[in-house]
Every structure is written in structure tokens, then in C-alpha cells.
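As a plain string of letters, each chain reads:
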Amino acid sequence: MSKIEVRVLGPHDWQRYKYIRLASLLDSPDSFGSTYTGEAAYPDSEWQSRLDPAARAKNALPLVAETDGDAVGLAWGLIHDPDPRIAHIYQMWVSPAHQGKGVARTLLDEIRTWAISRRCERLALSVTTNNDAAVGLYLASGFTASGPLEALRPGSALTVQTMTMELRSD
Ligand SMILES: CC(C)(COP(=O)(O)OP(=O)(O)OC[C@H]1O[C@@H](n2cnc3c(N)ncnc32)[C@H](O)[C@@H]1OP(=O)(O)O)[C@@H](O)C(=O)NCCC(=O)NCCS
């Protein structure tokens, strides 16, 4: 089996990022608040600016998992204003052919290490409540449910749950 490697996406990777992000939205429409139709309409400048450290992504860790030159996994760590103590996790996705091999766990570990290095005190994410694989991943990684359920997007019958994990640097 080919090795899967995780690396940080840089500004020159925007087309690769666009490809895998749109693939994730097409594959798993109920896992994300954003939709394939919405993001497929973005201009190239949107994809470029997301990976531009000089723009809004400077407190971000955009990660891609690759094997044999193919992008097979994606996840972002992002620290928002106004609370620099919380690192949020977004866009977690592993292609169906590569699931169950520890790729998501590796992506999560990288974001956790990065968040600790940025002196964050907590990781936070939002997960669709009927997504057994993702809920299983986050529970097994030490996240717990926090706060009320909300609709995945306006008008959706699906609900999302915030989950958080306290960070310790020891
Ligand atoms: C959720 C997802 C990211 C997991 O990725 P993955 O690479 O297959 O996960 P890993 O192999 O790293 O699994 C790590 C742990 O997660 C849990 N897990 C993974 N898949 C699971 C499943 N189908 N059911 C229950 N628990 C599961 C297990 O505890 C697993 O540890 P184990 O293998 O030692 O039992 C993947 O299924 C996916 O991309 N789903 C579609 C998109 C999505 O739901 N994204 C999350 C948005 S919040």
C-alpha cells in the first residue's frame, strides 16, 4: 500500500485545493454547511485568497493528505477573531477509497499540535448528528458535545452539534 503523507497547502496549491474541496462537497453534501453548487461558483480569486498567508488565511492550517500524487484528504485548522484561544476545525474529508486507514486521525493530530503551538486552549468543530463516522472519530479523539443542536443550514431537517476538546501542552 502506498504511503499517505500530510502537508500544508501553500498559495501555489489553490487548484489542488479547489479540486479536493469540491470533490468533498460533491461526495458528502450532508457533512458540510456549504454546498457544491455554492462553492463551484466561486471565482479563482476566492480559492487563491483562502491560501494566501497575507490575506485572511494567516491564522490557518490548511492540510492535504496525499498518496501517489493524488489528494485524498483535507482538513483546516482556523483561529478566528475574536477568540484566539479556540482553534476551529473545518472541511474534514477523506476520500471513500482511503477511509478507515487513519488519515483523519493524522489530520486531527496535526491540527491539535499546531493549535497547542499557537497557545490555543480548545479545539472546536461542528458535526452533523447522523454522521456516525465523523461523530465516532471525534468521540474517539477526545471531543465532547457542547451546546444546543442547530440546523445544518437554513430549512434543513439535519442537525449539527458543536463538539470541543480542551488542549493541554503537556
Ligand atoms: C469522518 C471521516 C473524516 C473519517 O475519516 P477516516 O480517515 O476514515 O478516519 P480514521 O481512519 O482516521 O478513523 C479514526 C477513528 O475514527 C472513528 N471512525 C472512523 N470511521 C468510523 C465509522 N465509520 N464509524 C464509527 N467510527 C469511525 C474510529 O474510532 C477510528 O479509529 P479506529 O480505526 O481505531 O477504530 C470520513 O469518514 C469522511 O471523510 N466522511 C465524509 C466527510 C465527513 O463526514 N467529514 C466530517 C465533517 S465534520
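For the structure, see preceding data.
So, here is what we can say about the structure in this document. Throughout this document, residue positions are counted from 1 along each chain, in the order its sequence is written. Only residues with pLDDT of 70 or above have their local features reported here, since the model is predicted, and side-chain atom pairs are shown and tallied only from 80 upward, although totals for entire chains, interfaces and linings are computed over all residues. Side-chain measures here rest on the full set of heavy atoms in the structure, leaving out hydrogens and waters.

### Re the overall build of the chain
For clarity, the threshold we go by: Put simply, DSSP marks the helices as runs of H or I at least four residues long and the strands as runs of E at least two long, and each gets a number from the N terminus on. For the radius of gyration, the atoms used are the C-alpha atoms, and the globule rule reads 2.2 Å times the number of residues raised to 0.38. With a 1.4 Å probe rolled over the protein chains alone, any residue whose accessible area is under 20% of its type maximum counts as buried; one over 50% counts as exposed, and the rest are partly exposed. The contact definition used throughout considers only heavy atoms, calling two residues in contact when any of these lie within 4.5 Å.
The number of helices and strands found in the chain is five helices and eight strands. Listing every helix and strand of the chain by position from the N terminus yields β-α-α-α-β-β-β-α-β-α-β-β-β. Relative to the compact-globule value of 15 Å for 170 residues, the chain shows a C-alpha radius of gyration of 15 Å, a close match. Taking the principal axes of its C-alpha atoms as reference, the chain extends roughly 40 × 40 × 35 Å. Put simply, the chain has 170 residues, and 42% of those count as buried. Of all intrachain contacts in the chain linking residues separated by at least 6 positions in sequence, the fraction that spans at least 24 positions is 59%.

### A word on the packing of aromatic side chains
For clarity, the threshold we go by: Pairing of aromatic rings covers Phe, Tyr and the six-membered ring of Trp, with a centre-to-centre limit of 6.5 Å; geometry is then stacked below 30 degrees between planes, edge-to-face above 60, and tilted otherwise. Put simply, a charge is over a ring when the Lys NZ or the Arg CZ is close to the ring centre, within 6 Å, and near the line of the ring normal, within 35 degrees.
Under the criterion given, the structure shown has four aromatic pairs. Ring centres of Tyr17 and Trp47 lie 5.3 Å apart, and the angle between their planes is 70 degrees; on these two criteria the pair is classed as edge-to-face. Taken as a pair, Tyr17 in helix H1 (residues 14-27) and Trp47 in helix H3 (residues 44-50) lie far apart in primary sequence, 30 residues in all. By relative accessible area, which is 0% here, Tyr17 ends up buried. When the ring centre of Phe32 is taken as reference, the NZ or CZ atom of Arg21 above it lies at 5.1 Å. Note that Arg50 overlies the ring of Trp47, its terminal NZ or CZ placed 5.1 Å from the centroid.

### With respect to the nonpolar core
Put simply, the test is: The term nonpolar core refers to a set of buried residues drawn from Ala, Val, Leu, Ile, Met, Phe, Trp, Tyr and Cys, joined through side-chain atoms within 4.5 Å.
Ranked by size, the top nonpolar core spans 28 residues in total, and within it Ile111, Leu123, Tyr138 and Phe143 carry the most contacts. Per-element tally for this core: the top contributor is helix H4 (residues 103-117), with seven residues. With near-sequence residues (within four places) excluded, Tyr138 lies in contact with Met92, Leu108, Leu125, Val127, Phe143 and Met163. By size, the runner-up hydrophobic cluster in this structure holds 16 residues, among which are Tyr17, Leu25, Val64 and Ala71.

### Section: the side chain of His98
Secondary-structure assignment places His98 in the loop between strand S4 (86-94) and H4. With near-sequence residues (within four places) excluded, His98 lies in contact with Ile4, Thr67, Val72 and Val103.

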